[in-house]
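# Commentary on secondary and tertiary structure
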Amino acid sequence: MSGLALLDYASVLVFALTGALVASRAQLDLVGFAFIACLTAVGGGTVRDLLLNRDPIFWVGQPDYILIAVAAAVLVFFTAHLVESRYNWLIWLDSFALSVAVAAGTGAALSLDQPGVIVVLMGISTGCLGGLMRDVVCNEVPLVLKQGELYVSCAFTGALTAVIANRLGFEEFVALGACALICWALRAGSLLFGWQLPVYKSRPPRN
């Protein structure tokens, strides 16, 4: 199994867990859990593969991804009530999933020798879109757009790190490892220490 496939498996598993946790907050049934888990797990990677014209799409070629997402949904359905703070679990699992998925998307684009801009965009898309779909469908405030927290900027910085490392001649596993580490460190710093970028504040018009 290739390193890129391992990254996809890891991101699918952890994102599926976050999707199931959101489903538990919405008090859905088991089928709803499975749907949201699968949507979250493969949403970003599906967009990535469609844009990169990869055939077949990763989970169509390997249905094991869907089975893993469904298994994660079943696990959370029967154990979510044991978790004291599902939201805390959600945001931290999501931070890990984001980091791994950004690395997976970045690696997929690098393997196809895409230009640096496309590589970065594929990393962002893979990392952010599954969680965005999850939150929108479940009527939650999307983590990707939550004011006062870093999210897309973490994905951008991680993917850009991988591109730079690749251009400098580092091995793929080093570049993608740095991508995931930088992405997660920024996201964790935002959650723990309130790191954020300046936000727009409206001002009265000047006369």
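This report concerns the structure included in the present document.

Definitions and cut-offs
- Residues numbered from 1 in each chain as written.
- Predicted model: local features only at pLDDT ≥ 70, side-chain atom pairs only at ≥ 80, totals over all residues.
- Heavy atoms only, no water.
- Helix = DSSP H or I, 4+ residues; strand = E, 2+ residues; numbered from the N terminus.
- Buried < 20%, exposed > 50% of the residue type's maximum accessible area, 1.4 Å probe, protein only.
- Areas by Shrake-Rupley, 256 points an atom, 1.4 Å probe, with all protein chains shown as cover.
- Lys, Arg positive; Asp, Glu negative; His and termini not counted.
- Charge placed at Lys NZ, Arg CZ, Asp CG, Glu CD.
- Contact = heavy atoms within 4.5 Å.
- Expected span 1.5 Å × (residues − 1).
- Bend = angle between axes of the 7 residues up to and from the residue.
- Polar contact = N/O pair within 3.5 Å; in protein donor to acceptor, adjacent residues only side chain to side chain.
- Phe/Tyr/Trp six-rings, centres within 6.5 Å; stacked < 30°, edge-to-face > 60°.
- Lys NZ or Arg CZ within 6 Å of the ring centre and 35° of its normal.
- Salt bridge = Lys/Arg side-chain N within 4 Å of Asp/Glu carboxyl O.

Quick look at the overall build of the chain now. Check the secondary structure of the chain and you find 8 helices and 0 strands. Its C-alpha atoms give the chain principal-axis dimensions of about 60 × 50 × 30 Å. Out of the 207 residues belonging to the chain, those deemed buried represent 45%. Total accessible area on the chain stands at roughly 10,800 Å², and carbon and sulfur atoms take up 66% of it. One way to put it: in the chain the 11 positive side-chain charges average out to a point 15 Å from where the 13 negative ones average out.

It is worth spelling out the side chain of Asp8 at this point. Inspection of the secondary structure assignment puts Asp8 in helix H1 (residues 3-25). Discounting residues that sit within four places of it in the chain, Asp8 has contacts with Arg48, Phe58, Tyr65 and Ala104.

What follows covers helix H2 (residues 30-52). Helix length check: H2, at 23 residues, gives a terminal C-alpha distance of 33 Å against a target of 33 Å (1.5 Å per residue), a fit within 8%. Where H2 bends most, at Val42, the angle is about 40 degrees. Regarding H2, its N-cap is Asp29, as a side-chain oxygen of that residue lies 3.2 Å from the backbone nitrogen of Val31 further along. Trailing H2 by a residue or two, Asn53 shows a phi angle of about 60 degrees, which is positive.

Enumeration according to the criterion identifies 7 aromatic pairs in this entry. Ring centres of Tyr9 and Tyr65 lie 4.3 Å apart, and the angle between their planes is 25 degrees; on these two criteria the pair is classed as stacked. One end of the pair, Tyr9, is in helix H1; the other, Tyr65, is in helix H4 (residues 64-79), with 56 residues separating them in the sequence. Ring plane angle 35 degrees and centroid distance 5.9 Å describe the contact between Phe193 and Trp195, whose orientation is recorded as tilted. Overall, Phe193 belongs to the exposed group, its relative accessible area being 60%. For Trp195, a relative accessible area of 40% puts it in the partly exposed group. By way of ring pairs, the aromatic residues Tyr9, Phe58 and Tyr65 are connected into one cluster. It is Arg48 that lies over the ring of Phe58; its NZ or CZ is 5.2 Å from the centre.

Tallying each qualifying case throughout the model produces 7 salt bridges. For Asp135, the salt bridge is made with Arg134, and the minimal N-O distance between the two is 2.8 Å. Here the two residues Asp135 and Arg134 agree in accessibility, since each one is buried. Overlapping salt bridges bring together Asp8, Arg48, Asp49 and Arg54 as one network.

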